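Each chain, written out:
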Amino acid sequence: MLLEALQNWYSSNCDGDWEHEYAIRITNIDNPGWSVSIPLAGTAREGCPFEETKWQRGADDWILCRVKDDTFVGHGGSRNLADIIRVFLEWVK
């Protein structure tokens, strides 16, 4: 469900140009954990305020999401990838 919603958001922004200039990146980090970077330039969320989301329930159960330079950036523990994506999707809907 989350991946489908993320795919739909991405597809809705593809206009023949945007997808050639910007890329969604999901990578692992060595904490261990995840890093998600989603460009907002050229989308309906460009320039929109985002209240930083941060919580830590344990050493491996945490997230930190913010917008910096018109890019949504989320980091989280090894089992928190879905949480990061959910924060983004709830904000853009």
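Here, every reference points to the structure presented above.
Because the structure is predicted, anything quoted here is derived from the model rather than measured.

Caption draft 1: Molecular detail of the side chain of threonine 43. Topologically, threonine 43 is positioned in the loop between strand 2 (33–39) and strand 3 (53–58). Since its relative accessible area comes to 10%, threonine 43 is described here as buried. Beyond its immediate stretch of four places on either side in the chain, threonine 43 contacts Trp9, Asn13 and Trp18.

Caption draft 2: Up close: the side chain of aspartate 83. Summarising the element assignment, aspartate 83 is placed in helix 3 (residues 81–92). A distance of 3.1 Å separates the side chain of aspartate 83 from the side chain of arginine 86, its partner in a polar contact. With sequence-adjacent residues up to four places away left out, aspartate 83 is seen in contact with Trp55, Arg57 and Ile63.

Caption draft 3: Inspection of unusual backbone geometry at higher detail. Omega for the bond connecting asparagine 31 with proline 32 falls within 30 degrees of zero, at 0°, which places this linkage in the cis form. Along the chain, proline 32 falls in the loop between strand 1 (25–29) and strand 2. Positive phi is not limited to glycine here, since aspartate 69 has a value of about 55°. In this structure, aspartate 69 sits in the loop between strand 4 (61–68) and strand 5 (71–77). Of note, the phi angle at aspartate 70 is positive, near 55°, even though the residue is not glycine. Tracing the chain through its elements places aspartate 70 in the loop between strand 4 and strand 5.

Caption draft 4: Quick peek at the environment of glutamine 56. Mapping glutamine 56 onto the fold places it in strand 3. A relative accessible area of 60% places glutamine 56 in the exposed class. Polar contacts involving the side chain of glutamine 56 include one to the main-chain carbonyl oxygen of glycine 58, which spans 3.3 Å.

Caption draft 5: Summary view of the pattern of salt bridges. A complete count under the given rule lists 3 salt bridges for this structure. A salt bridge links glutamate 52 to arginine 66; the shortest N-O distance between them is 3.2 Å. Here glutamate 52 is found in the loop between strand 2 and strand 3, whereas its partner arginine 66 is found in strand 4, with 14 residues between them in sequence. Using a relative accessible area of 43% as the deciding quantity, one classes glutamate 52 as partly exposed. Among the residues examined, arginine 66 registers a relative accessible area of 35% and is labelled partly exposed. Arginine 86 is the partner of aspartate 83 in a salt bridge, and the nearest nitrogen-oxygen pair spans 3.1 Å.

Quick notes on the rules
- Residues numbered from 1 in each chain as written.
- Predicted model: local features only at pLDDT ≥ 70, side-chain atom pairs only at ≥ 80, totals over all residues.
- Heavy atoms only, no water.
- Helix = DSSP H or I, 4+ residues; strand = E, 2+ residues; numbered from the N terminus.
- Buried < 20%, exposed > 50% of the residue type's maximum accessible area, 1.4 Å probe, protein only.
- Contact = heavy atoms within 4.5 Å.
- Polar contact = N/O pair within 3.5 Å; in protein donor to acceptor, adjacent residues only side chain to side chain.
- Salt bridge = Lys/Arg side-chain N within 4 Å of Asp/Glu carboxyl O.

These values are about where atoms sit, not about what they do.
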